[in-house]
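Observations on the three-dimensional arrangement
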Amino acid sequence: MLPPRCLRCGLLVEQPGTLCVSCWTDVSFVTEPLCGHCGLPFDHDPAPAKADAMTCGACLRSPPPFQRARAVLRYDEASRPLVLSFKHADRTEAAGAFAQWMERAAGELIADCDLIAPVPLHWRRLFARRYNQAALLAQALSLRSGLAGMPDLLVRRRATPSQGRLSADRRRRNVAGAFAVRAGRQEALRGRRLLLVDDVMTTGATVSACARAALAAGARGVDVAVLARAVRS
Ligand SMILES: [Zn+2]
Ligand SMILES: [Zn+2]
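A brief structural summary. Note that this is a predicted model, so its numbers are computed, not measured.

A few points about the overall build of the protein chain
The number of helices and strands found in the protein chain is ten helices and seven strands. Restricting the contact set of the protein chain to residue pairs at least 6 apart, pairs at least 24 apart contribute 72%.

Here it is as structure tokens:
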């Protein structure tokens, strides 16, 4: 067995699937208080309200189609190498460790859901990248939690241009109608609660489009668990 290494910087560590002390302090974990809907962490405790009653301005203005989203990490300069190494450098062994973190961040959601499915990649991108990191996370989370996994529940009907530099509004239009529930999977989804898994959530446009497709196909509700999320500042 190879000695365990830090998931972010490669330094030798004592336990597999962990970060070294310095990486642990560099990355920001998402902590309460946070928006009960989208999981946005509040920098200041907004009110002495109950944690589950708090809602951010964006969710008040335009409530997302999913009920709750929870993330492990803030997606920033510090966490990017960790998330991207998983995405592109075949660091698939990290999936188990990330799933463990996600299980902690989204424990309540996991307990309430009946099914778990990843945000799908278009097959052309899947071919180029060889694996879908969201699917790896969903699979690892399904294994840990015992939640029934349905890796092929959603399909991407068309390739969407990279979301990279698009505004929130453009992102929303970019992915509108891009996802659908696979023919033959509607029955398994009807009346059930779905936990949708992705690696990174930026504006939430992609998971919202997926949630809309699942709800249109008869899902009772949709929650979202991601490894990292962007935090508007
Ligand atoms: Zn490290
Ligand atoms: Zn919110």
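Section: the sheet that holds strand E6 (residues 193-201)
One open sheet holds the five strands; their spatial order is E1-E7-E6-E2-E3, and the pairing between them is parallel. Only two strands of the sheet have a single partner each, and these edge strands are strand E1 (68-74) and strand E3 (148-149). Both E6 and strand E7 (residues 221-229) contribute to a ladder of eight bridges, which runs parallel. Within the sheet, the bridge partner assigned to Met201 lies in E7 and is Arg229. On the sheet, helix H4 (residues 94-105) packs against E1 and E7 and is oriented at approximately 130° with respect to E1.

Points about the packing of H4 against helix H7 (residues 133-145)
Where H4 contacts H7, the axes come no closer than 8 Å and their chain directions differ by 65°. Taken as a pair, H4 and H7 cross one another with a handedness that is right-handed. Contact with H4, carried on its side by Ala95, Gly96, Phe98, Ala99, Gln100, Met102 and Glu103, involves Leu136, Leu137, Ala140, Leu141, Arg144 and Ser145 of H7 and no other residues of that element. Taken together, the residues that form the contact of H4 with H7 break down as eight nonpolar, three polar and two charged.

Rules of the game
- Residues numbered from 1 in each chain as written.
- Chains lettered and ligands numbered in written order.
- Predicted model: local features only at pLDDT ≥ 70, side-chain atom pairs only at ≥ 80, totals over all residues.
- Helix = DSSP H or I, 4+ residues; strand = E, 2+ residues; numbered from the N terminus.
- Contact = placed C-beta atoms within 7 Å.
- Pairing = 2+ DSSP bridges.
- Axes fitted to C-alpha atoms, helices over the stretch in contact; angles between N-to-C directions.
- Left-handed = near helix turned anticlockwise from the far one by under 90°.
- Nonpolar A, V, L, I, M, F, W, Y, C, P; charged D, E, K, R; others polar.

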